[in-house]
Amino acid sequence: MTEYRDDELQKLERALTEAYRRQPDPVPGAGLAQQVMRDIRQGASDSGRWISAVAVDQLVWRTATMAAAVVLVLSVFTVGVVRSMTGERAGLLAEEFESAPLLGDE
Amino acid sequence: MADESLTKRAQAGDEQDLLRRIRGGDRDRFAELISRYEDRVLRIVGRRVPAARVEEIVHDVFVRAYFGLAQFSGDVPFDHWLAGIAVRTCYDFWRDRTREEVPVSTLTDDHHRWIEQALGAQSDDEWRSQVSRWEAKEVLEWALSRLSPENRAVLTLVHLDGHSVREAAQLLGWTVVTVKVRAHRARHALRKILSGNL
């Protein structure tokens with residue numbers, strides 16, 4: 001393309017701006033509102049389905065979290081009980097050893 | 001004058017009531033808003049996207065507006081808010097098109113001849129007849145198609161539509177400073193394109 005002077009560029013810009021403003025307005029197509037409303041109804045029911053899918057997901061996650069928490073509490077409780085039982089056993093065993101005379105004592 | 005202001009206020013109240021009903025679940029009343037603003041949205045979209053895609057984009061604007069109604073705070077008039085959605089939907093159209101890498105058209109001898117004639121117009125009548133020709137629109141489309149989607153959006157709003165920087169910022173959802181900088185860069189880029197340097 002040709003190199004234009006500043007005043008020529010301004011003139012060209014002005015012509016293009018005027019051409020832009022003179023564009024005729026497009027004619028509205030028939031039935032736009034009906035088409036939009038149909039898609040809105042469709043979109044709303046899709047989003048309803050999406051919401052219920054999200055709700056199911058949340059329910060699954062909540063149930064899994066609660067189950068995991070119950071398992072954790074039970075595990076801690078079981079470990080505690082087992083430890084205390086083995087502790088008692090160990091204590092009893094220690095008492096046995098202490099009460100029994102050692103070889104050198106005899 | 002007072003009558004006009006009262007009518008405007010009554011219309012605004014009527015619109016607020018309509019919006020309240022739609023948000024309250026009376027979905028079908030949205031059709032009233034479509035018929036009220038269809039022409040305005042058509043005018044915005046029709047000047048920004050190719051004729052073959054206008055209807056589809058106008059449709060998308062109203063669907064976006066419906067699902068975005070919860071975000072409409074009422075701080076600005078509804079038609080301004082809707083115009084913003086229209087402008088941004090057109091901007092998204094050009095961004096998607098850039099990603100698709102649609103080939104840019106080139107200028108023909110007819111276009112070059114038109115530029116020379118437009119520059120050489122001696123009288124106002126001659127100049128007016130030149131700007132009405134189909135080549136004018138095609139040269140403009142050619143130049144705009146070589147701009148980035150951001151520059152195109154700002155240049156169209158500020159330099160072609162004649163919106164203020166503040167209005168353009170509101171419509172695009174950008175800051176005033178961003179629009180100011182972009183508008184300057186966009187005009188510079190357009191001049192380079194027209195001079196054949198870009």
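In this report, we go over the structure that sits alongside the text.

**Thoughts on the overall build of chain A**
Reasoning step 1: Within chain A one finds two helices and zero strands.
Reasoning step 2: Classification of the 106 residues of chain A by burial places 16% in the buried group.
Reasoning step 3: For chain A, the exposed surface amounts to about 8300 Å²; the carbon and sulfur share of it is 64%.

**A closer look at the pattern of salt bridges**
Reasoning step 1: Following the criterion strictly, the structure yields 25 salt bridges over all chains and no others.
Reasoning step 2: Across the pair A:Arg5 and A:Asp7 runs a salt bridge whose closest N-O atoms are separated by 3.1 Å.
Reasoning step 3: It is possible to trace a salt-bridge network through shared partners that takes in A:Asp6, A:Glu13, B:Arg187 and B:Arg191.

**Re the interface of chain A and chain B**
Reasoning step 1: Opposite the 36 residues of chain A that make contact, chain B presents 50 residues.
Reasoning step 2: Taken together, the connections running from chain A to chain B amount to five salt bridges.
Reasoning step 3: For A:Glu13, the salt bridge identified is with B:Arg187, shortest N-O distance 2.9 Å.
Reasoning step 4: On inspection of chain A and its partner chain B, the count reaches 15 residue pairs in polar contact (both at pLDDT 80 or more).

**So, a nonpolar patch on the surface**
All names here are of chain A.
Reasoning step 1: On the surface, Phe77, Val81 and Met85 cluster together into a nonpolar patch covering about 280 Å² of accessible area.
Reasoning step 2: By secondary structure assignment, the location of Val81 is in helix α2 (residues 32–99).
Reasoning step 3: Given a relative accessible area of 32%, Val81 falls into the partly exposed group.

**Description of the side chain of A:Thr17**
Reasoning step 1: By the secondary structure assignment, A:Thr17 is in helix α1 (residues 6–21).
Reasoning step 2: A distance of 2.7 Å separates a polar side-chain atom of A:Thr17 from the backbone oxygen of A:Glu13.
Reasoning step 3: If sequence neighbours within four positions are ignored, A:Thr17 has contacts with B:His159 and B:Leu160.

**Here we look at the layout of surface pockets**
Residue and element names in this part refer to chain B.
Reasoning step 1: The calculated volume of the largest pocket comes to roughly 520 Å³.
Reasoning step 2: As for the largest pocket, its lining consists of 23 residues, of which Arg40, His80, Ala83, Gly84 and Leu171 are closest to the centre.
Reasoning step 3: Within the residue set of the lining of the largest pocket, elements represented by two or more residues are α2 (30–46), α4 (78–100) and α9 (165–172).
Reasoning step 4: Tallied by class, residues from the lining of the largest pocket come to eight nonpolar, seven polar and eight charged.

**Some remarks on the packing of α1(A) against helix α7 (residues 134–145) of chain B**
Reasoning step 1: It is at 9 Å that the axes of α1(A) and α7(B) come closest, and there the two elements cross at 105°. On the basis of the axis angle, α1(A) is roughly perpendicular to α7(B). Of the residues in α7(B), those touching α1(A) at A:Leu16, A:Ala19 and A:Tyr20 are B:Ala136, B:Lys137, B:Val139 and B:Leu140.
Reasoning step 2: Taken together, the residues of the contact of α1(A) with α7(B) sort by class into six nonpolar, no polar and one charged.

**Examining empty space enclosed by the protein**
Residues and elements named next belong to chain B.
Reasoning step 1: Under the counting rule described, the total for this entry stands at two cavities of 30 Å³ or more.
Reasoning step 2: Its boundaries defined by the atoms lining it, the largest cavity holds a volume of some 80 Å³.
Reasoning step 3: Lining the largest cavity are Arg48, Val87, Cys90, Tyr91, Trp94, Pro149, Arg152, Ala153, Thr156 and Leu157.
Reasoning step 4: Of all the secondary-structure elements, those providing two or more residues to the lining of the largest cavity are α4 and α8 (149–160).
Reasoning step 5: With five residues, the top contributor of residues to the lining of the largest cavity is α8.
Reasoning step 6: By residue class, the composition of the lining of the largest cavity is seven nonpolar, one polar and two charged.

Rules of the game
Residues numbered from 1 in each chain as written. Chains lettered and ligands numbered in written order. Predicted model: local features only at pLDDT ≥ 70, side-chain atom pairs only at ≥ 80, totals over all residues. Heavy atoms only, no water. Helix = DSSP H or I, 4+ residues; strand = E, 2+ residues; numbered from the N terminus. Buried < 20%, exposed > 50% of the residue type's maximum accessible area, 1.4 Å probe, protein only. Areas by Shrake-Rupley, 256 points an atom, 1.4 Å probe, with all protein chains shown as cover. Salt bridge = Lys/Arg side-chain N within 4 Å of Asp/Glu carboxyl O. Contact = heavy atoms within 4.5 Å. Polar contact = N/O pair within 3.5 Å; in protein donor to acceptor, adjacent residues only side chain to side chain. Patch = residues over 30% accessible without salt bridge, like charges linked within 9 Å, V, L, I, M, F, W, Y side chains within 5 Å. 1 Å grid on protein atoms, 1.4 Å probe; cavity = no way out; pocket = protein on both sides within 12 Å on 5 of 7 lines; lining within 4 Å. Points joined across faces, edges and corners; volume = space filled by probe spheres on them. Nonpolar A, V, L, I, M, F, W, Y, C, P; charged D, E, K, R; others polar. Axes fitted to C-alpha atoms, helices over the stretch in contact; angles between N-to-C directions. Parallel < 35°, antiparallel > 145°, perpendicular 65-115°, else oblique.

Without other data, these values stay purely geometric and don't point to any function.
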